[in-house]
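Examination of the molecular architecture
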Amino acid sequence: MKNILITGGAGFIGSHLSEKLLNEGNHVICLDNFFTGSRKNIEHLMDNKEFELIRHDIVEPILIEVDEIYNLACPASPVHYQYNAIKTIKTSVLGVTNMLGLAKRAKAKILQASTSEVYGDPLVHPQREDYWGNVNTIGIRSCYDEGKRVAETLMMDYHRQHNVDIKIIRIFNTYGPRMAENDGRVVSNFIVQALKGQDITIYGDGSQTRSFCYVDDLVRGMTALMNKEGFMGPVNVGNDGEYTIKELAEMIIELTNSNSKIVYKPLPSDDPCKRRPDLTLARRELGYEPEVHVKDGLKKTIEYFAGVI
Ligand code: NAD
Ligand code: UDP
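What this report covers is the structure whose coordinates are included nearby. Fair warning: this is a prediction, and the values are worked out from it, not measured in the lab. (Residues numbered from 1 in each chain as written. Chains lettered and ligands numbered in written order. Predicted model: local features only at pLDDT ≥ 70, side-chain atom pairs only at ≥ 80, totals over all residues. Heavy atoms only, no water.)

1. A closer look at the site of ligand 1
- Among the 29 residues in the neighbourhood of ligand 1, the closest are listed as Asp32, Thr36, Tyr144, Thr174 and Arg185.
- In this structure, Asn33 approaches ligand 1 through a main-chain N or O atom, which is 3.2 Å from a nitrogen atom.
- Between ligand 1 and Gly37 there is a distance of 3.0 Å, counted from an oxygen atom to a backbone nitrogen or oxygen.
- The protein chains hide 97% of the 820 Å² of surface that ligand 1 would expose on its own.
- Breaking the shell around ligand 1 down by element, the ones donating at least two residues are helix H1 (12–23), strand S5 (109–115) and helix H4 (142–162). (Near = heavy atom within 4 Å. Polar contact = N/O pair within 3.5 Å; in protein donor to acceptor, adjacent residues only side chain to side chain. Areas by Shrake-Rupley, 256 points an atom, 1.4 Å probe, with all protein chains shown as cover. Helix = DSSP H or I, 4+ residues; strand = E, 2+ residues; numbered from the N terminus.)

This is the structure we're talking about:
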């Protein structure tokens with residue numbers, strides 16, 4: 001049995017990861033400041049004697065003994081990470097430094113939840129790990145994108161300087177049950193709008209593309225990376241199907257049988273035009289393969305939101 005710390009454990013991805021690691025027989029310490037996460041996401045785990053909850057902000061140091069750290073704490077949706085941009089970048093710089101300090105002292109392995117946003121508005125398609133990205137340093141997304149880039153740098157420097165056992169996963173757009181209703185990301189927005197019969201808000205002309213990964217596939221990739229000896233990444237994990245945002249809207253309207261109409265709103269600045277992971281490295285090093293087709297994943301997510309709304 002391992003003692004595993006999950007920061008951001010009460011968030012969308014963190015709650016699924018907590019569940020998986022508990023099912024595999026580990027002791028899980030979930031640490032969260034509840035900025036975008038909620039107690040509701042982990043309510044079903046609270047009776048498990050191997051589950052521990054700590055309310056804490058990773059911008060402040062913490063002293064505990066652990067074998068592994070999954071560092072997920074950071075708001076992930078543009079609406080939330082732009083709400084307090086300075087706090088967002090502090091979470092990725094001071095927060096990650098604190099978690100690396102903890103990993104160094106406790107001799108724990110640490111996995112950082114990085115993001116496809118490190119590629120910015122990519123000039124190379126699909127994105128491979130050796131692409132350095134096209135990121136605006138001064139835009140409204142920079143607090144998140146540049147924060148995550150510095151976090152990767154800190155991970156590498158703690159590895160080179162202090163021999164910390166690190167893992168970097170670059171997560172591509174992930175969706176599924178327990179996304180917050182007010183999360184603001186495209187899948188939850190469109191599903192909630194479709195179920196409520198409200199207008200579906202496409203930003204721009206809807207020709208921008210994304211690749212959508214179901215959360216079960218992602219957490220499988222995360223634990224595979226943590227458990228792979230001698231491989232630290234960075235490695236892309238996601239689903240390599242690629243859809244325009246307009247196609248996504250039409251799929252969700254069809255799957256919900258909704259009467260909602262599509263309306264077009266201005267495209268936020270620095271919104272990436274296209275995005276799709278090259279998964280060659282994940283396939284080779286982790287034996288990773290996305291298993292859930294977007295239509296099946298959307299059906300499960302729609303079912304979840306239908307129960308919540
Ligand atoms: P989420 O907002 O549901 O989860 C983030 C969690 O971190 C929340 O529970 C929040 O309360 C907590 N948190 C935020 N700041 C904190 C702080 N300073 N101290 C302690 N806790 C803090 O988002 P998510 O989609 O579950 O994302 C989890 C991680 O995965 C994030 O690091 C995100 O950047 C990364 N990621 C997610 C996606 C995606 O598509 N979902 C894509 C790329 C990367
Ligand atoms: N988007 C949209 N309508 C919404 C929310 C998002 O058209 O209600 C667009 C957004 O502009 C972007 C894409 O959907 O082009 C994915 O947005 P999201 O915030 O989910 O993720 P990210 O941009 O971080 O990949």
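2. Comments concerning the packing of aromatic side chains
- Applying the stated criterion across every chain yields a total of six aromatic pairs.
- Connected via pairs of aromatic rings, a cluster forms that spans Tyr119, Tyr131 and Phe172. (Phe/Tyr/Trp six-rings, centres within 6.5 Å; stacked < 30°, edge-to-face > 60°.)

3. Thoughts on the nonpolar core
- Formed by 57 residues in total, the largest nonpolar core has its most connected members in Tyr70, Met222 and Leu298.
- Those residues in contact with Met222 that lie beyond four places of it in its chain are Ile13, Leu17, Tyr70, Leu72, Leu111, Ile169 and Ile171.
- Core analysis: the second largest hydrophobic core is formed by 25 residues, Ile58, Leu102, Leu154 and Ile168 among them. (Core = buried A, V, L, I, M, F, W, Y, C linked by side-chain atoms within 4.5 Å. Buried < 20%, exposed > 50% of the residue type's maximum accessible area, 1.4 Å probe, protein only. Contact = heavy atoms within 4.5 Å.)

4. Here's the deal with the sheet that holds strand S1 (residues 3–7)
- Read from one edge to the other, the open sheet built from seven strands follows the order S3-S2-S1-S4-S5-S6-S11, with strand pairing classed as parallel. Lying at the two open borders of the sheet, with one neighbouring strand each, are strand S3 (51–55) and strand S11 (235–237). Strand after strand, the sheet turns through a mean of 20° between neighbouring axes, direction not considered.
- Bridging between strand S6 (residues 166–171) and S11 involves three bridges; their strand directions are parallel. Residue pairing for S11: Ile171 is matched across the bridge by Val237.
- Running over the sheet, helix H3 (residues 85–106) touches S1, strand S4 (68–71), S5 and S6 and is turned about 170° from S4.
- Strand contacts of helix H6 (residues 215–227): S4, S5, S6 and S11, with the helix running at about 160° to S6, the strand carrying the most contacts. (Pairing = 2+ DSSP bridges. Axes fitted to C-alpha atoms, helices over the stretch in contact; angles between N-to-C directions.)

5. Quick word on the pattern of salt bridges
- Throughout the structure, instances matching the rule amount to 25 salt bridges.
- Here Arg105 and Glu65 are joined by a salt bridge, their closest N and O atoms 3.0 Å apart. Of this pair, Arg105 sits in helix H3 while Glu65 sits in the loop between S3 and S4, and the two are 40 residues apart along the sequence.
- What makes Arg105 partly exposed here is its relative accessible area of 39%. (Salt bridge = Lys/Arg side-chain N within 4 Å of Asp/Glu carboxyl O.)

6. Overview of the site of ligand 2
- The local shell around ligand 2 holds 18 residues, among which Thr201, Tyr203, Arg210, Asp271 and Arg275 are the closest.
- The separation between an oxygen atom of ligand 2 and a polar main-chain atom of Val186 is 2.8 Å.
- Taking Asn189, its side chain carries an N or O atom lying 2.8 Å from an oxygen atom of ligand 2.
- For the shell around ligand 2, the elements supplying multiple residues, two or more each, are helix H5 (186–196) and strand S8 (200–203).
- A per-class count over the shell around ligand 2 returns seven nonpolar, five polar and six charged. (Nonpolar A, V, L, I, M, F, W, Y, C, P; charged D, E, K, R; others polar.)

7. Things to note about the pairing of S5
- Counting buried residues along S5, seven of its seven residues qualify, which places the element largely inside the surrounding structure.
- Residues of S5 alternate between two faces, with Lys109, Leu111, Ala113 and Thr115 on one and Ile110, Gln112 and Ser114 on the opposite face, all of them buried.
- In the sheet, S4 pairs with S5 via four bridges, with the strands oriented parallel. Bridged to Tyr70 within S5 is Leu111.
- Taken together, the six bridges between S5 and S6 define a ladder with parallel strand orientation. Paired with Ile110 across the two strands is Ile166, which belongs to S6.
- Crossover S5 to S6 through H4 is right-handed. (Right-handed = clockwise from strand over helix to strand, strands pointing away.)

8. Some words on helix H9 (residues 294–308)
- Under the 1.5 Å per step criterion, the end-to-end length of H9 is 21 Å for 15 residues, consistent within 8% with the ideal 21 Å.
- Three or more residues of H9 are buried, namely Val294, Gly297, Leu298, Thr301, Ile302 and Phe305. All buried residues of H9 project into a common sector of 140° when viewed along the axis, lining one side. Exposed residues lying more than 90 degrees from the buried face of H9 are Glu303 and Gly307.
- Where the residues of H9 are buried, they touch strand S7 (174–175), H5, strand S10 (213–214), strand S12 (243–244) and helix H7 (245–256). (Expected span 1.5 Å × (residues − 1). Arc of directions from axis to C-beta.)

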